[in-house]
Amino acid sequence: VAAGSEHSGFWFELKLRGTAAHLFQSLDPRYESLGSFLNNTAHSNFDRGLRTYPEGYMPYETAHLLGFTSYRNKKQGLFFHNTENILIADGLFADNGVAVDLDRSENITVSRTKIIGRTELYGELESSQEAPSLCYNNELLGMELHTFVRKTKNNGAVLDVAFDGFNSVHCARVAHISLDNELRIGTFDWFTTLERVSFADQPVLIDFCPAAEAGIVDAYLTDLDGSFEANPDNKKPRSIISDSHVMTAFLGEDEECTRIPEGCYAYCDVCFRTIRFEVDPSGSEGYELEVCTKTRSKCIRIAGGTDPTDYATSSTNYRVFNVHLPAVENSESSGFNAAFLLDDEPVWPNYVEQQYEDKLCPGGLDEGTVELHPPPLFDSACDSLIRNGDAEAPDRLFWLSKFTGVSTVANAGMAGSTALKDSIRTSPRDSLVQLLDARCFRSTVMRSYEVEAWVKVVDENNEHQECHVEESNCPEIRIATATQIWPSIATVVPERGENGGYQLLHGVFVVENSMTDSNMVEFIVMRNRVDFNILVDNVSMKLLPDIHSNEDFCSEIVRNGFFADGSARFWSQSNAIMELVGGPSNFSLQVSDGQARA
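The rules behind these values
- Residues numbered from 1 in each chain as written.
- Predicted model: local features only at pLDDT ≥ 70, side-chain atom pairs only at ≥ 80, totals over all residues.
- Heavy atoms only, no water.
- Helix = DSSP H or I, 4+ residues; strand = E, 2+ residues; numbered from the N terminus.
- Buried < 20%, exposed > 50% of the residue type's maximum accessible area, 1.4 Å probe, protein only.
- Areas by Shrake-Rupley, 256 points an atom, 1.4 Å probe, with all protein chains shown as cover.
- Lys, Arg positive; Asp, Glu negative; His and termini not counted.
- Charge placed at Lys NZ, Arg CZ, Asp CG, Glu CD.
- Salt bridge = Lys/Arg side-chain N within 4 Å of Asp/Glu carboxyl O.
- Pairing = 2+ DSSP bridges.
- Axes fitted to C-alpha atoms, helices over the stretch in contact; angles between N-to-C directions.
- Polar contact = N/O pair within 3.5 Å; in protein donor to acceptor, adjacent residues only side chain to side chain.
- Phe/Tyr/Trp six-rings, centres within 6.5 Å; stacked < 30°, edge-to-face > 60°.
- Core = buried A, V, L, I, M, F, W, Y, C linked by side-chain atoms within 4.5 Å.
- Contact = heavy atoms within 4.5 Å.
- Patch = residues over 30% accessible without salt bridge, like charges linked within 9 Å, V, L, I, M, F, W, Y side chains within 5 Å.
- Arc of directions from axis to C-beta.

A. Structural detail: the overall build of the chain. A count of helices and strands for the chain gives four helices and 43 strands. C-alpha atoms of the chain, sized along the principal axes, occupy 105 × 70 × 40 Å. A total of 598 residues make up the chain; the buried ones form 53% of that total. With the model as given, the accessible surface of the chain reaches about 27,300 Å², and the carbon-plus-sulfur share is 47%. The averaged location of the 89 negative side-chain charges in the chain is 3 Å from the averaged location of its 48 positive side-chain charges.

Structure representation (structure tokens):
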């Protein structure tokens, strides 16, 4: 029993601490299995009965909190934060400001539990002994649910939960189930199913208004057995949805919806399913996703969002568009078409991944029902794939990063131009990234691209540090898809000229069939050092002529054989040291300790 605390009763604050922490560096208690949490009680605590704030608890194996009783706690009876994989069963929550608050938590199941807003006994104490009001922040809530997940998974469940004691409570806001008002990417993805939920013959109180006021207008909870339907003869799967155009636009005339304006929701006899679109976050600002029926009789447009708590330049902080759709009849004219628009014109992000979230009820939308239509590639669209290669566009447009940040530095590029710079040193894998249009790789299979970039290695004082291939790990360019990496498609090659400390990365690669299997193609400038930063300028990736349609291209098989431009472009070394000697109009390539190949 944890009772009478000035703060919380039970507090899961899982960190490595103490004098022996250094002996357990491979152990993280946040992920360890819970031995047993059985028949514990928390009551009369000034803050929460049980909390997992702020580090959270995320065991790899589902942890069971069984028989937990929590009552008369000023704020929450149970407060989960950054927590996942928990089963709460056979619990009792009573006389708390909020009985169960699930915040930034996923894969949480609440089962065989009773939640009482205000017991008759506490009501008597309020009237006879002036006991403190239960209305913390002037509200009394049974369950407060989040609107977004920290990861791309959730599927929480509320099973066999009985609510009671929420009538005749004089708080400004009273609800059995409420959505909170925290906004992240601007769209709902806290998918939760409800089944065998009861309300002691009292009016059902659902409140989506805090979420709606924060801008979340696409929320839905799935009522698997019609628990929230008052008519016992009309029990079937239904959905509790935001009462908004994006949620109701595709509902048919035969689909019944009961609108509850005071709760900002509608209760509809249809199942929803979410299709998630992740796109290149850079350069897609202002994009809308338009979804229409095949006949275009009904359409919606939705905006996307990135995670403001992640690095803005992170290559995995995708712009997310979630569209939640009801099931449709199976016919040639049924289904939906989707397209990306900017100012009403078709556009295409360089990376697009379409994912169907889990089907939460049997009548949900089938996979393949939504067809995404890219605009056609224009003739020269794949001739030059790097955008903003000179870094002169504002806000490092189109450039992202892995494990680091990316910024632009004025007057630091070649000839005093703007350059890109990696801003954080965490590992040798720190990289600048640009997402390429995968459609181009599919249309140029077995064609060759010439890749070039100028890179300057600098120390913490921005002093130039020459990188010698034979002595240290120098920067390189890679191509990567979701399943495979092609390293060293461009490496440091010798060059002679006044380039302000910049060194040339150059290479040629052939688009292989295996590069076309993924919707993601990454162009990666990898530092390969953790002790220095890099400046990058004049990046390009250009399609070389097709040897089958260009006779002149084969007239000189060895390219750059005279090194006339003062560089060893198109040459690579095999365990060799290459150096340009002579010049300025008569360069030659000196090779030692290995071979040079054209």
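Now that the structure has been shown, the text picks up again.
B. Structural detail: the pattern of salt bridges. This model, assessed by the stated rule, comprises 37 salt bridges. Residues Arg-112 and Asp-90 are paired through a salt bridge, measuring 2.8 Å at the closest nitrogen-oxygen approach. Taken together, the positions of Arg-112 in strand β12 (residues 106-116) and Asp-90 in the loop between β9 (84-89) and β10 (92-94) put the pair 22 residues apart, joining distant regions of the chain. With relative accessibility at 46%, the residue Arg-112 sits in the partly exposed group. Of the charged contacts in the structure, one is a salt bridge between Glu-371 and Lys-294, with a shortest N-O distance of 3.5 Å. On the criterion of sequence distance, the pair formed by Glu-371 in strand β29 (residues 370-372) and Lys-294 in the loop between β23 (288-293) and β24 (299-303) is long-range, its members being 77 residues apart. When its relative accessible area of 36% is taken as the criterion, Glu-371 is described as partly exposed. A single network of salt bridges, built from pairs that share partners, joins Glu-288, Glu-290, Arg-296, Arg-301 and Asp-344.

C. A look at the sheet that holds strand β30 (residues 400-402). Spatially, the ten strands line up as an open sheet ordered β30-β33-β38-β35-β36-β37-β34-β39-β32-β31, and their pairing is antiparallel. Where the open sheet ends on each side, the last strands, each with one partner, are β30 and β31 (406-409). Neighbour-to-neighbour, the strand axes of the sheet open up by a mean angle of 30°, direction not taken into account.

D. Summary view of the side chain of Glu-278. In this fold, Glu-278 is placed in strand β22 (residues 272-279). Looking at Glu-278, the relative accessible area reads 8%, which means it is buried. A polar atom in the side chain of Glu-278 sits 3.3 Å from the side chain of Gln-355.

E. Broad picture of the packing of aromatic side chains. According to the stated counting rule, one finds 25 aromatic pairs in the structure shown. On the numbers, 5.3 Å between centres and 15° between planes, the contact of Tyr-31 with Tyr-60 is stacked. With Tyr-31 in the loop between β2 (10-11) and β3 (37-38) and Tyr-60 in the loop between β5 (50-51) and β6 (63-66), this residue pair connects regions lying 29 residues apart in the sequence. For Tyr-31, a relative accessible area of 22% corresponds to the partly exposed category. Between Phe-228 and Tyr-267, the ring centres sit 6.5 Å apart and the planes meet at 55°, which makes this aromatic pair tilted. Of this pair, Phe-228 sits in the loop between β18 (220-223) and β19 (238-242) while Tyr-267 sits in strand β21 (residues 265-268), and the two are 39 residues apart along the sequence. Residue classification places Phe-228 among the buried positions, given a relative accessible area of 9%.

F. A look at the sheet that holds strand β28 (residues 352-356). With respect to topology, three strands assemble into an open sheet ordered β25-β22-β28, the strand pairing being antiparallel. A single partner strand is all that each edge strand has here, and the edge strands are β25 (319-326) and β28. The mean inter-strand angle of the sheet, taken between neighbouring strand axes irrespective of direction, is 20°. The sheet contact formed by β22 and β28 spans five bridges and is antiparallel. By the bridge assignment, Phe-277 is partnered in β28 with Gln-354.

G. Fine view of the nonpolar core. Ranked by size, the top nonpolar core spans 89 residues in total, and within it Leu-78, Met-143 and Phe-340 carry the most contacts. The residues touching Leu-78, leaving out its near neighbours within four places in the chain, are Leu-50, Leu-65, Phe-68, Ile-88, Phe-93, Ala-99, Val-100, Asp-101 and Leu-102. Counting 38 residues, the second-largest nonpolar core is a separate cluster that includes Tyr-449, Val-451, Val-525 and Val-539.

H. Representation of a nonpolar patch on the surface within the structure. On the surface, a nonpolar cluster with roughly 350 Å² of combined accessible area is contributed by Leu-16, Leu-23, Phe-24 and Leu-27. The residue Phe-24 is located in the loop between β2 and β3 in this model. You can call Phe-24 partly exposed: its relative accessible area is 42%.

I. Looking closely at the environment of Ala-339. Mapping Ala-339 onto the fold places it in strand β26 (residues 336-342). What Ala-339 contacts, discounting residues up to four positions off in sequence, is Glu-288, Leu-289, Glu-290, Leu-372 and His-373.

J. How the structure looks around helix α1 (residues 120-129). Turning to α1, its buried residues are Tyr-122, Gly-123 and Leu-125. Viewed along the axis of α1, the buried residues span an arc of 160°, placing them on a single side of the element. Facing away from the buried side of α1 by more than 90 degrees, the exposed set consists of Glu-120, Ser-127 and Ser-128. Positioned one or two residues after α1, Glu-130 has a phi angle of 55°, which is positive.

K. Local environment of unusual backbone geometry. For the bond from Tyr-53 to Pro-54, the omega torsion is 0°, close enough to zero to count as cis. Tracing the sequence through the fold places Pro-54 in the loop between β5 and β6. For Arg-72, which is not glycine, the phi dihedral falls at a positive 55°. As for its position among the elements, Arg-72 is in the loop between β7 (69-71) and β8 (76-81).

L. Representation of the environment of Asn-350 in the model. Its location among the elements puts Asn-350 in the loop between β27 (345-347) and β28. For the pair Asn-350 and Val-110, spaced 240 residues apart in sequence, the C-alpha to C-alpha distance is 41 Å. In this structure Asn-350 touches Asp-280, Arg-387, Leu-435, Leu-436, Asp-437, Ala-438 and Asn-519, once residues within four positions along its chain are discounted. Separated by 2.7 Å, the side chain of Asn-350 and the backbone oxygen of Leu-435 make a polar contact.

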